[in-house]
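Fold and contact review
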Amino acid sequence: MTRQKTRSPSTPHRPSQGNRDFRNRIRRDGNPAGEQKNTPHGASPAGNAAAQPGITLKAGREKSLLRRHPWVFSGAIERVDGAPASGDTLPVRDASGSFLAWAAYNPASQITARVWSWREDEAIDTDFFSHRIADALAMRRELKLADDSNGARLIYAESDGLPGLIVDRYGDVLVMHLGSAGAERWRDTLADILHELCNPVCIYERSDSDSRALEGLEPRNGVLRGALPDSVEVIEHGLRFNVDVAAGQKTGFYLDQRDNRALTETLAAGRDVLNCFCYTGGFSLYALRGGAKSVLSIDASGDALRIAAENLTANGLDATRAEWQEADVFQALRKLRDQGRTFDFIILDPPKFAPTAAFAEKAARGYKDINLLGFKLLRPGGLLATYSCSGGIGEDLFQKIVAGAALDAGVDAQIVHYLHASADHPVLLSFPEGAYLKGLVLRVSG
Ligand code: SAH
């Protein structure tokens, strides 16, 4: 399990469907690798079919598990005994037969097993899931997430010891994404536990991300428990956002940016703001409430922009200071440059350009491009808040790309904030892949 094999967590943070233009760019470059392919690994030789089901690793391939990294890649497997089905819980052993972990098996995935537990004496059953879920909920309670917010990521997959399970809360509606065969197997148990512990009016399943195909799982989208209200709203730092649970991107809203959006509010007063990749207006509404002089918001999704405009009205914010533009940001930034437009504060929060480190180079060009244009559109003393949610682009690399962009744009800039996802998206120390979101706020010299 090497760094190169690093893949993003069980579910994509940002689906790439909305990013058709970027994908085309990749294809025009002659590399069709903009999407991951589900290469059947076929590399785990069947062991003794009559033996107890279990996975035995190749000699020396137990190291990452001993460091408690919860993934077993197909290439690390010596043999699979028994005739296990996808989603079955299997013991994983090293080459000498010593127990390493209980893991969910998925022969269709390059991540052939995801660890549930490191304890041999632990049963993977309803009690196990009740405890894990209760612990994840307790952590969010203890964090005392803002009083004036009713949205949170309640369960964040591997980071909460529940590989493949994402649960986002929007008021009294829970949205669940199952991104692994193991989570899929326990769907009903998980829904029952969540229903009992959270008492939501609805548990809605949004298991229709691209990453499901990599796991050999069919897309699913529908109500699991209760009934979906006609409209779902999340309140974030007192701002109200309509969430399209059934058809919106990801689970409907990007909760990970909650704290960074709040920071935006404190920086926006009196500024002309440009918010690129605005989705349903998150950063735009905070900027307006923070006293921005004007906010131009751009996104390729007309549906997202319609909700954004409704969100603005629902919060009683001044629509005359807001302009919404449906466009490809790569083209729109060039147009703004050609028109000689400039801004005091630019926000760049694009979708995931690099699902894995293998796509880092192509993605780096995309980040360089938008950041370079961003720097060019900034007035002296202006601020750039720039983000990457690509698991394949590390913090250091992202900072280097942004530094290269500033250099090429001919500006000097200082980093004034290093940003990450909000605390309800914790990062397990043994699973650094959980830290996909990184951001910088930079000030160009006056
Ligand atoms: N900042 C947002 C989340 C952004 S998610 C928030 O706080 O809620 C990324 C957004 O980029 C999506 O809304 C998607 O529709 C949009 N998008 C993807 N590719 C794009 C492109 N080439 N041009 C414009 N928007 C794009």
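Report follows, based on the coordinates. No experiment lies behind these values; they were computed from the predicted model shown. (Residues numbered from 1 in each chain as written. Predicted model: local features only at pLDDT ≥ 70, side-chain atom pairs only at ≥ 80, totals over all residues. Heavy atoms only, no water.)

1. Some points on the packing of aromatic side chains
- Counting across every chain of the model gives 15 aromatic pairs.
- Taking 6.3 Å as the distance between ring centres and 70 degrees as the angle between the ring planes, the aromatic pair formed by W116 and F128 counts as edge-to-face. Placement of W116 in strand β6 (residues 111-117) and of F128 in helix α3 (residues 126-143) is noted, with a sequence separation of 12 residues between them. Note on accessibility: W116 and F128 belong to one class, buried.
- One aromatic cluster is present, formed by W116, F128, F129 and W186 through successive ring pairs. (Phe/Tyr/Trp six-rings, centres within 6.5 Å; stacked < 30°, edge-to-face > 60°. Helix = DSSP H or I, 4+ residues; strand = E, 2+ residues; numbered from the N terminus. Buried < 20%, exposed > 50% of the residue type's maximum accessible area, 1.4 Å probe, protein only.)

2. A word on the packing of helix α10 (residues 329-338) against helix α11 (residues 360-377)
- Direction vectors running N to C along α10 and α11 enclose 25 degrees, while the axes themselves pass 10 Å from each other. With respect to each other, α10 and α11 are oriented roughly parallel. When you trace α10 past α11, the crossing you get is left-handed. When α10 is examined against α11, the residues V329, F330, L333, R334, L336 and R337 are found in contact with a partner set consisting of G366, D369, I370, L373 and L377.
- Looking at side-chain class alone, the contact of α10 with α11 contains seven nonpolar, one polar and three charged residues. (Axes fitted to C-alpha atoms, helices over the stretch in contact; angles between N-to-C directions. Parallel < 35°, antiparallel > 145°, perpendicular 65-115°, else oblique. Left-handed = near helix turned anticlockwise from the far one by under 90°. Contact = heavy atoms within 4.5 Å. Nonpolar A, V, L, I, M, F, W, Y, C, P; charged D, E, K, R; others polar.)

3. A short note on the sheet that holds strand β17 (residues 343-348)
- The seven strands lie next to each other as β16-β15-β14-β17-β18-β20-β19, forming an open sheet whose pairing is mixed. A strand with exactly one partner marks an edge of an open sheet, and here the two such strands are β16 (322-326) and β19 (413-420). With direction set aside, neighbouring strand axes in the sheet form an average angle of 15 degrees.
- Note that strand β14 (residues 272-276) and strand β15 (residues 294-299) share five bridges and pair parallel. Across the sheet, residue N275 finds its bridge partner in β15, namely S297.
- Taken strand by strand, helix α7 (residues 258-267) contacts β17, β18 (378-388), β19 and β20 (438-444), and its axis lies near 145 degrees from that of β19.
- Where helix α8 (residues 282-289) meets the sheet, its contacts fall on β14, β15, β16, β17 and β18, and the angle it forms with β15 comes to roughly 180 degrees. (Pairing = 2+ DSSP bridges.)

4. What about the site of the ligand?
- In the vicinity of the ligand lie 20 residues, with R261, D299, D328, V329 and D349 positioned nearest.
- In this structure, F277 approaches the ligand through a main-chain N or O atom, which is 3.2 Å from a nitrogen atom.
- Here a nitrogen atom of the ligand sits 2.6 Å away from a polar atom, N or O, in the side chain of D349.
- Protein burial of the ligand: of its 580 Å² of free accessible surface, 100% is covered by the chains.
- Looking at the shell around the ligand residue by residue, the class counts come to 10 nonpolar, four polar and six charged. (Near = heavy atom within 4 Å. Polar contact = N/O pair within 3.5 Å; in protein donor to acceptor, adjacent residues only side chain to side chain. Areas by Shrake-Rupley, 256 points an atom, 1.4 Å probe, with all protein chains shown as cover.)

5. Regarding the pairing of strand β9 (residues 173-178)
- When you tally the buried positions in β9, you get six out of six residues, the bulk of the element.
- Of the two faces of β9, both are covered, the one formed by V173, V175 and H177 as well as the one formed by L174, M176 and L178.
- Hairpin geometry of strand β8 (residues 165-170) and β9 is characterised by an intervening segment of two residues between the two adjacent antiparallel strands and by a positive phi of about 60 degrees at G171.
- One ladder, built from four bridges, connects β9 with strand β10 (residues 202-207); its direction is parallel. Its bridge partner lying in β10, L174 is registered against I203.

6. Quick look at the pattern of salt bridges
- Throughout the structure, instances matching the rule amount to 28 salt bridges.
- D272 serves as the salt-bridge partner of R379, at 3.0 Å between the closest nitrogen and oxygen. Of this pair, R379 sits in strand β18 while D272 sits in strand β14; the two residues are 107 residues apart in sequence, bridging distant segments of the chain.
- As a salt-bridge pair, R365 and E361 come within 3.5 Å of each other at their nearest N and O atoms. Residue R365 and its partner E361 are both found in helix α11; the two are separated by four residues, about one turn of the helix. (Salt bridge = Lys/Arg side-chain N within 4 Å of Asp/Glu carboxyl O.)

7. What about the sheet that holds strand β2 (residues 71-73)?
- The six strands are arranged β2-β6-β5-β4-β1-β3 in an open sheet whose pairing can be described as mixed. Bordering the open sheet on either side are β2 and β3 (77-81), each of which pairs with just one other strand. Recorded for the sheet is a direction-independent mean angle of 35 degrees between the axes of neighbouring strands.

8. Topic: unusual backbone geometry
- With a phi close to 70 degrees, R68 is a non-glycine residue in the positive phi region.
- Tracing the chain through its elements places R68 in the loop between α2 (63-66) and β2.
- At H237, a residue that is not glycine, the phi angle is positive and equals roughly 45 degrees.
- Tracing the sequence through the fold places H237 in the loop between β12 (232-236) and β13 (239-243).
- Assessed through its relative accessible area of 16%, H237 is described here as buried.

9. Quick look at empty space enclosed by the protein
- Overall, the coordinates contain two cavities of 30 Å³ or more when judged by the stated rule.
- Taken as a whole, the second largest cavity holds about 50 Å³ of empty space.
- Lining the second largest cavity are A104, Y105, N106, I111, R114, P163, S180, A181, G182 and E215.
- Of all the secondary structure elements, the ones that give two or more residues to the lining of the second largest cavity are β5 (99-105), β6 and α4 (181-185).
- When grouped by side-chain class, the residues that make up the lining of the second largest cavity number five nonpolar, three polar and two charged. (1 Å grid on protein atoms, 1.4 Å probe; cavity = no way out; pocket = protein on both sides within 12 Å on 5 of 7 lines; lining within 4 Å. Points joined across faces, edges and corners; volume = space filled by probe spheres on them.)

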